[in-house]
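Examination of the molecular architecture
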Amino acid sequence: MLPGSIQITGETLSGAEVKDICDSLKENTVRLLSVRGCQFSDRDFGRVCRGVAESHSLAQLNLNLGVVSSITRTKQLADALKTNRSIQTLFLHGSPLLDAGLVALNTALSTHPSLVCLDLGDCMLGDEAVRLICGMLPPDGAKSGLRELTLSANPAITTKGWARLAVAVAHSSQLRVLNLDYNPLGDQIAGMLAVAVASSRTLEVLDLEGTGLTNQSAQIFLDMVENYPTSLRVLVLAENDISPELQQQISDLLSEGEEEEDKEAEAQANANANAPLACEKIAWIPHSKYSA
């Protein structure tokens, strides 16, 4: 049987329902498990974590909206992730982790062999958490790291934390998608991020929606995409004090770059049409809301 999905939202789960979930995990019949916003006892949460640890099929785990509600649950999840080897995507959006929670999770997250997409939006994180997250964005030549990172709505992070993240993004050898929407960044931090984007050889999507930016930031991004080569293909600037004209200019330039890249890829494909067959590597597919 091909692995399927279990998706439940906002319900109170009974012991029998939790047992069914755990049995499916242990039988490797689940590829996606989502219990976002669900309520169940600490004992049952521990049972689910043990099921996650034993599963070899689980690729996506969604615990959004307060499921990981205490440091005890955070540590149980960390223990599960240390054993699990299959999860590629982990959603913890809206969990009251705090920096202490990231400390508890750090070893499990940073050493997981398959994890490439991590959502830590609205998790009440601060600068210490960002320092640990930067370790999951290793520089060129180091181990593989995250390809998609969401840090939306973590207003406790200071300029120091964002500056540290910008440096890590500039040198990350893997990161493709970065969602920083609804953080009070302002133009100064946006300027740091523009330098990081210009330096990055991999970043394709940057979400800065509702981050307190003005035309000053937009002009910097416009100059960057107009005058320098960049991997960036999507820059979200909605809900900022930026003129529609500037946003459209940036969007048009990014679209032109994508079209040119597509033409180059097509030309390369035609050139390789008669080349000897090679083993095909399965590509990672981003989970971002901005991905096709």
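Residues numbered from 1 in each chain as written. Predicted model: local features only at pLDDT ≥ 70, side-chain atom pairs only at ≥ 80, totals over all residues. Heavy atoms only, no water.

Quick notes on the layout of surface pockets
Short version of the rule: Points on a 1 Å grid over protein atoms alone make up a cavity when a 1.4 Å probe fits among them but cannot get out, and a pocket when they form an open set with protein on both sides within 12 Å along at least five of seven lines; lining residues each have an atom within 4 Å of a point. Grid points are joined across faces, edges and corners, and a volume is the space filled by probe spheres set on the points. Residue classes follow a fixed rule: Ala, Val, Leu, Ile, Met, Phe, Trp, Tyr, Cys and Pro count as nonpolar, while Asp, Glu, Lys and Arg count as charged, and any other residue, Gly among them, counts as polar.
In this model, the second largest pocket occupies a volume close to 280 Å³. Tallied by class, the residues present in the lining of the second largest pocket amount to eight nonpolar, nine polar and two charged.

Comments concerning the side chain of D207
Applicable threshold: Secondary structure elements follow DSSP: runs of H or I no shorter than four residues count as helices, runs of E no shorter than two count as strands, and numbering proceeds from the N terminus. Between N or O atoms, a polar contact is any pair within 3.5 Å; within protein, one atom must be a potential hydrogen donor and the other a potential acceptor, and residues adjacent in sequence are included only when both atoms are from side chains.
Tracing the backbone through its elements, the reader meets D207 in strand β8 (residues 205–207). Reaching out from D207, the side chain makes a polar contact with the backbone nitrogen of E209 at a distance of 2.9 Å.

Here we look at helix α6 (residues 159–171)
The cut-off we apply is this: Here, expected helix span is obtained from the residue count minus one, scaled by 1.5 Å. Only protein chains enter the area calculation, which uses a 1.4 Å probe; residues under 20% of their type maximum are buried, those over 50% are exposed, and those in between are partly exposed. By definition, residues are in contact when any of their heavy atoms lie within 4.5 Å.
If you check α6, its first and last C-alpha atoms are 19 Å apart, about what 13 residues at 1.5 Å a residue would give, namely 18 Å. Among the residues making up α6, those that are buried are G161, W162, L165, A166, A168, V169 and A170. Residues of α6 that are buried sit in contact with α5 (127–134), β6 (148–150), β7 (177–179) and α7 (186–199).

Considerations on the nonpolar core
Short version of the rule: Throughout this description, the term nonpolar core refers to a set of buried Ala, Val, Leu, Ile, Met, Phe, Trp, Tyr and Cys residues connected via side-chain atoms within 4.5 Å.
By size, the foremost hydrophobic cluster in this structure holds 82 residues, and its most contacted members are L33, L102, L120, L165, L180, L206 and L208. Other than its neighbours up to four places away in sequence, L102 contacts L97, L109, L120, L125, A129, L132, I133 and M136.

Here's the deal with the side chain of S152
You can see S152 is positioned in the loop between β6 and α6. A relative accessible area of 5% means that S152 is categorised as buried. Within the structure, S152 has its side chain in polar contact with the side chain of D181 (distance 2.6 Å). When sequence neighbours within four positions are dropped, the list of residues in contact with S152 reads H93, G121, D122, N179, L180, D181 and N183.

Regarding the pattern of salt bridges
Convention followed: Within this document, salt bridges are pairs made up of a side-chain nitrogen of Lys or Arg and a carboxyl oxygen of Asp or Glu, the two lying within 4 Å of each other.
Inspection of every chain in the model, using the stated rule, returns five salt bridges. Residue R73 pairs with D42 through a salt bridge whose shortest N-O separation is 2.8 Å. With R73 in helix α3 (residues 71–83) and D42 in helix α2 (residues 42–54), the pair connects residues that are 31 residues apart, well separated along the chain. According to the relative accessible area criterion, D42 is partly exposed, its value standing at 46%. Note that R43 is salt-bridged to D44, the shortest N-O span being 3.9 Å. Judged by relative accessible area, which is 61%, R43 ranks as exposed. Each member of the salt-bridge network shares a partner with another, and the members are R43, D44 and R47.

Some points on the packing of aromatic side chains
Selection criterion: Paired rings are identified among Phe, Tyr and Trp, the last through its six-membered ring, by centres lying within 6.5 Å, and are further divided according to the angle between planes into stacked (under 30 degrees), edge-to-face (over 60) and tilted (the rest). Both a distance and an angle decide whether a charge sits over a ring: NZ of Lys or CZ of Arg must be within 6 Å of the ring centre and within 35 degrees of the ring normal.
Tallying each qualifying case throughout the model produces one aromatic pair. Both rings, one in F40 and one in F45, keep their centres 6.1 Å apart while their planes meet at 20 degrees; by these two values the pair is stacked. Of the residues examined, F40 reaches a relative accessible area of 9% and is grouped as buried. Here R73 stacks its cationic end above the ring of F40, 5.6 Å away from the centre of that ring.

Description of the pairing of strand β2 (residues 30–34)
For clarity, the cut-off: Paired strands, in this sense, are two strands between which DSSP finds at least two bridges. With its strands directed away from the observer, a crossover is right-handed exactly when the path from the first strand over the helix to the second travels clockwise.
By the bridge criterion, four bridges tie strand β1 (residues 4–7) to β2 in an arrangement that is parallel. By the bridge assignment for β2, I6 is matched with L33. The β-α-β motif built from β1, the intervening helix α1 (residues 15–26) and the parallel element β2 has right-handed crossover chirality. In terms of strand pairing, β2 meets strand β3 (residues 60–62) through three bridges, oriented parallel. Its bridge partner lying in β3, L33 is registered against L61.

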